[in-house]
Amino acid sequence: MEVDKGKGEAEETRKVAEADRDTVTLKSSDGKLFEVSKEAAARLSTVLAGMIAGGSIDDNGTDLKQIGSEALENVVDYCNKHANSIPSAALISSSISFNTAPFKEPEEWERKFVDRLSHDALFDLVEAANFLGMERLLDVTCHKISEMMKGKSPDQIREVFNIKNDYTKEELEEIRQELAWAFYDD
Amino acid sequence: MVGTRRYPTTSSLLSIPLCSPCLSEDGGVGTQWMMEAAGGCIRDLCDGVLADILARLPSASVLRCRVVCKSWRRVTTHRSFLAAHAARRPREMILRPQFYPKAVSTRQRLLSFHPCCDGFVFERYSLDGLLVRMQHSGLFAICNPTTRQWTNLPALTPEPCCSAGSGCGFYLHRSSGEYRLLCDGIERNEAAGSNPELRRYYYIIAASTARPRRLARAPSNPSLLYEAPVAYRGVLHWLYYQPEARRTGKMLAFDTEAETFRHMSQPIDRDTKRNLFELDGCLGVAAVKSLTSLDIWVLEDYKMERWELRHRIDNLPMPRLYYEREVSVSRVISVGSDAILIGSPGCYVARMYDLKEKKVIYRDFELGEATPTFLVFTESLVRHELFDSCPRSPDLEPIDF
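Residues numbered from 1 in each chain as written. Chains lettered and ligands numbered in written order. Predicted model: local features only at pLDDT ≥ 70, side-chain atom pairs only at ≥ 80, totals over all residues. Heavy atoms only, no water.

Undergrad: Got a minute to help me understand the overall build of chain B in this structure?
TA: When helices and strands are tallied, chain B shows 6 helices and 24 strands. A burial count over chain B gives 56% of its 401 residues as buried. Looking at chain B alone, contacts between residues at least 24 apart form 55% of all its contacts between residues at least 6 apart. For chain B, the computed accessible surface area is about 18,000 Å², with 50% contributed by carbon and sulfur atoms. (Helix = DSSP H or I, 4+ residues; strand = E, 2+ residues; numbered from the N terminus. Buried < 20%, exposed > 50% of the residue type's maximum accessible area, 1.4 Å probe, protein only. Contact = heavy atoms within 4.5 Å. Areas by Shrake-Rupley, 256 points an atom, 1.4 Å probe, with all protein chains shown as cover.)

The following block contains the structure:
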């Protein structure tokens, strides 16, 4: 009886300690551990927010089997930078929203953050952001990739993104004719 | 080609983005991505993420992406993608060129254009990426400048009308998913014998029905031109340039689902110059008291028809006027939830005013050598059946994109 009671208390204490912690530990598919501010994680990721609220956060590292260590490092890096960033002057001055589009231009640090990534890292990060329900990070990474496509010919796009052309010559000619005008503009 | 009427559209459509000039959607933001081709595994992205990326591209880029590979074509032709892409397009305002032909520098974020030769033919309505213009009495051309599809709606003349008005409004009839045009026209009542009686009616013209449907008697006093109505909650509203609205001092409302008319209250007496616009999810009325002052009313409670004076703007700076001519009527449209563009159909500069900060953002917002139509346009690649179901009339002049 005594022992059981002691165990219960220990469990209680551990739970309290866990709740008090202001970071969560995330574990990548290849077993690396990363710590991230609980507040930032909950604010930036709907999936992590749900896990934190539902108590399914593991103190020894919450398994994120779908995300590799490099992508997870970038996710955590983004969360930490986001937590520390104060809205830039540019953002404040452009806060009058003239556009109906819900997208807000990336801030300077967000732009730099995605600019330094390799293609591989960028695509992995997009997937991680999508998986974790990180709306803003998804927005910023998708924006970056779309910027890489703008004004490019199909050939250039295939080259940049390493995509195989799976059309037959005839099919290609047909589509080109149908969309001829789109190739004269810009 | 001499004598060909040229229709301003997409690359040739003269419009300005309804946003601050420093933010533009394909605005040459430093895309200096010079990475070598190796490695990128964009093929592994799921369709949802790929669609999210491609929906951010300008329309012409999306069309070019269809050529890249089969899966990109599949993603970019999907209904949900087309809707998401259209929802992301910026709002633009269509401009009417003053001189012919003159390209406007793209640096000003104005697209180059081919103006129409006929000064009396111009875009009447803009809805969901579609533009409607009257070609001649009773014949309306409809086009999607983004997909470059065009046709005409069934003609109102010579049957059933002997003469037709220039259109009242264009709307989506939700339950049928059909785009329809409301227009007035005059019928000759032959039964009256040697002295035929002329009667004016409203008609509904739909692409799927060859003959326009007669709706109700229309005011017999000829109007100048029905103003383009403001759509709100599936109802079209006319405030000023509409014979009944003028006579009764009420606002005329047309329910686009039931296709019935009614009158609604409006905030000010009928002599004040005013125009209707949508402001931050409400109907708004700008009452122009003078060139330097105006009141903004908002229909706070639509059902109870309760108007509220929301903003009183005084001491607006005088705009630089077109040929220094006095601007007789000023008009207002919103450019977001908190800003309005104040201009005049005859003036190629406009003012932009921030309602929240209560200050002028641009005193002389340059529109190039063009005047504003106050028609708001957003690009859309959504395919509409009406272009397939409605054959072109031999009378329809070709639309040259």
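Undergrad: Hey, could you run me through the sheet that holds strand β21 (residues 339–343) of chain B in this one?
TA: Within a sheet, adjacent strands bond to each other through the backbone by hydrogen bonds, running parallel or antiparallel. All names here are of chain B. Spatially, 4 strands are ordered β20-β21-β22-β23 in an open sheet, and the strand pairing comes out antiparallel. Every interior strand has two partners, whereas the edge strands, β20 (331–334) and β23 (359–366), have only one. Strand-to-strand twist across the sheet, computed as the mean angle between neighbouring axes with direction ignored, equals 25°. The sheet contact formed by strand β22 (residues 349–354) and β23 spans 5 bridges and is antiparallel. Note that in β23 the partner of alanine 350 across the bridge is phenylalanine 365. (Pairing = 2+ DSSP bridges. Axes fitted to C-alpha atoms, helices over the stretch in contact; angles between N-to-C directions.)

Undergrad: In this structure, what is going on with the pattern of salt bridges? I would like to understand it.
TA: Opposite charge on two side chains allows them to pair when their charged atoms are near. One pass over the full model with this rule turns up 28 salt bridges over all chains. Across the pair arginine 158 of chain A and aspartate 155 of chain A runs a salt bridge whose closest N-O atoms are separated by 2.7 Å. With a gap of 3 residues between them, arginine 158 of chain A and aspartate 155 of chain A both fall in helix α9 (residues 154–161), about one helical turn apart. With a relative accessible area of 10%, arginine 158 of chain A lands in the buried category. The shortest N-O distance in the salt bridge between arginine 180 of chain B and glutamate 178 of chain B comes to 2.8 Å. The class of arginine 180 of chain B is buried, set by a relative accessible area of 10%. The class for glutamate 178 of chain B is buried, based on a relative accessible area of 15%. Residues participating in the shared-partner salt-bridge network are Asp139 of chain A together with Asp52, Arg56 and Arg88 of chain B. (Salt bridge = Lys/Arg side-chain N within 4 Å of Asp/Glu carboxyl O.)

Undergrad: Which parts of the structure should I look at to understand the sheet that holds strand β12 (residues 230–232) of chain B?
TA: Residue and element names in this part refer to chain B. Strand order in the open sheet formed by 4 strands is β12-β13-β14-β15, and the pairing between neighbours is antiparallel. Only two strands of the sheet have a single neighbouring strand rather than two, namely β12 and β15 (260–264). Pairwise comparison of adjacent strand axes, ignoring direction, gives a mean angle of 30° for this sheet. Examined bridge by bridge, strand β13 (residues 235–238) and strand β14 (residues 251–255) share 4 bridges and lie antiparallel to one another.

Undergrad: Can you help me understand the side chain of glutamine 135 of chain B in this one?
TA: On the secondary structure map, glutamine 135 of chain B appears in strand β4 (residues 130–136). A distance of 2.9 Å separates a polar atom in the side chain of glutamine 135 of chain B from the backbone nitrogen of glutamate 397 of chain B. (Polar contact = N/O pair within 3.5 Å; in protein donor to acceptor, adjacent residues only side chain to side chain.)

Undergrad: Is there a simple way to think about helix α8 (residues 135–149) of chain A in this case?
TA: Given 3.6 residues per turn, any residue in an α-helix points the same way as the ones three and four places further on. Between its first and last C-alpha, α8 of chain A extends 21 Å over 15 residues, near the 21 Å set by a 1.5 Å rise per residue. Looking one or two residues past α8 of chain A, glycine 151 of chain A carries a phi angle of roughly 70°, positive in sign. (Expected span 1.5 Å × (residues − 1).)

Undergrad: Please explain the packing of aromatic side chains as it appears in this structure.
TA: Between two aromatic rings, the relevant description is the distance of the centres plus the angle of the planes. Scanning the entire structure with this criterion turns up 10 aromatic pairs over all chains. Taken together, the aromatic side chains of Tyr171, Tyr202, Tyr226, Phe254 and Phe261 of chain B make up a single cluster linked through ring pairs. In this arrangement the basic side chain of arginine 116 of chain A is found over the ring face of phenylalanine 113 of chain A, its NZ or CZ atom lying 4.7 Å from the centre. Across the ring face of tyrosine 201 of chain B, the terminal group of arginine 217 of chain B is positioned such that the distance to the ring centre comes to 5.5 Å. (Phe/Tyr/Trp six-rings, centres within 6.5 Å; stacked < 30°, edge-to-face > 60°. Lys NZ or Arg CZ within 6 Å of the ring centre and 35° of its normal.)

Undergrad: Could you clarify how one ought to interpret the domain arrangement of chain B in this entry?
TA: How big an interface is tends to be expressed through the accessible area that disappears when the partners come together. Partitioning chain B into structural domains gives domain 1 (46–86) and domain 2 (267–368). Put simply, the middle of domain 1 of chain B and the middle of domain 2 of chain B, counted by C-alpha atoms, are 38 Å apart. (Domains from an automatic or database assignment.)

Undergrad: How should the pairing of β20 of chain B be read in this particular structure?
TA: Working note: regular strand, side chains alternate between the two faces of the sheet. Residues and elements named next belong to chain B. The sheet contact formed by β20 and β21 spans 4 bridges and is antiparallel. The residue of β21 that forms the bridge with isoleucine 333 is leucine 341. Between β20 and the antiparallel strand that follows it, β21, lie 4 residues; glycine 336 among them carries a positive phi value of about 125°.

Undergrad: For this particular structure, what's the right way to read the UniProt feature "domain: SKP1 component dimerisation" (unreviewed entry) in chain A?
TA: Those places that UniProt annotates as "domain: SKP1 component dimerisation" (unreviewed entry) correspond, in this numbering, to residues 136–182 of chain A. As annotated, residues 136–182 of chain A has a helix share of 68% and a strand share of 0%, and its two end C-alpha atoms lie 31 Å apart. (UniProt positions renumbered as here; feature names shortened; annotations may be inferred.)

Undergrad: Before we go on, may I ask you to explain the UniProt feature "domain: F-box" (unreviewed entry) in chain B in this structure?
TA: As recorded in UniProt, the sites labelled "domain: F-box" (unreviewed entry) are residues 45–85 of chain B. Across residues 45–85 of chain B, helical content stands at 73% and strand content at 0%; the span's end C-alpha atoms are separated by 18 Å.

Undergrad: I'm lost on the environment of proline 196 of chain B in this one. Help?
TA: Along the polypeptide, proline 196 of chain B turns up in the loop between β9 (178–189) and β10 (197–206). Overall, the relative accessible area of 27% leaves proline 196 of chain B in the partly exposed class.

Undergrad: Please explain the side chain of serine 45 of chain A as it appears in this structure.
TA: All names here are of chain A. Of note, serine 45 is situated in the loop between α2 (38–44) and α3 (46–53). Judged by relative accessible area, which is 1%, serine 45 ranks as buried. Only 2.9 Å separates the side chain of serine 45 from the backbone nitrogen of leucine 48, close enough to count as a polar contact. Excluding anything up to four places from it in sequence, serine 45 contacts Leu132, Gly133 and Met134.

Undergrad: Help me understand the nonpolar core in this model?
TA: A general tendency of soluble globular proteins is for nonpolar side chains to be buried together. If you look at the biggest cluster of nonpolar residues, it comprises 69 residues, and the most contacted ones within it are Met149 and Phe161 of chain A together with Ile42 and Trp72 of chain B. Counting residues per element, this core draws most heavily on helix α7 (residues 119–132) of chain A, at 8 residues. Met134, Leu172, Tyr203 and Leu386 of chain B belong to the second-largest nonpolar core, a separate cluster that totals 22 residues. (Core = buried A, V, L, I, M, F, W, Y, C linked by side-chain atoms within 4.5 Å.)

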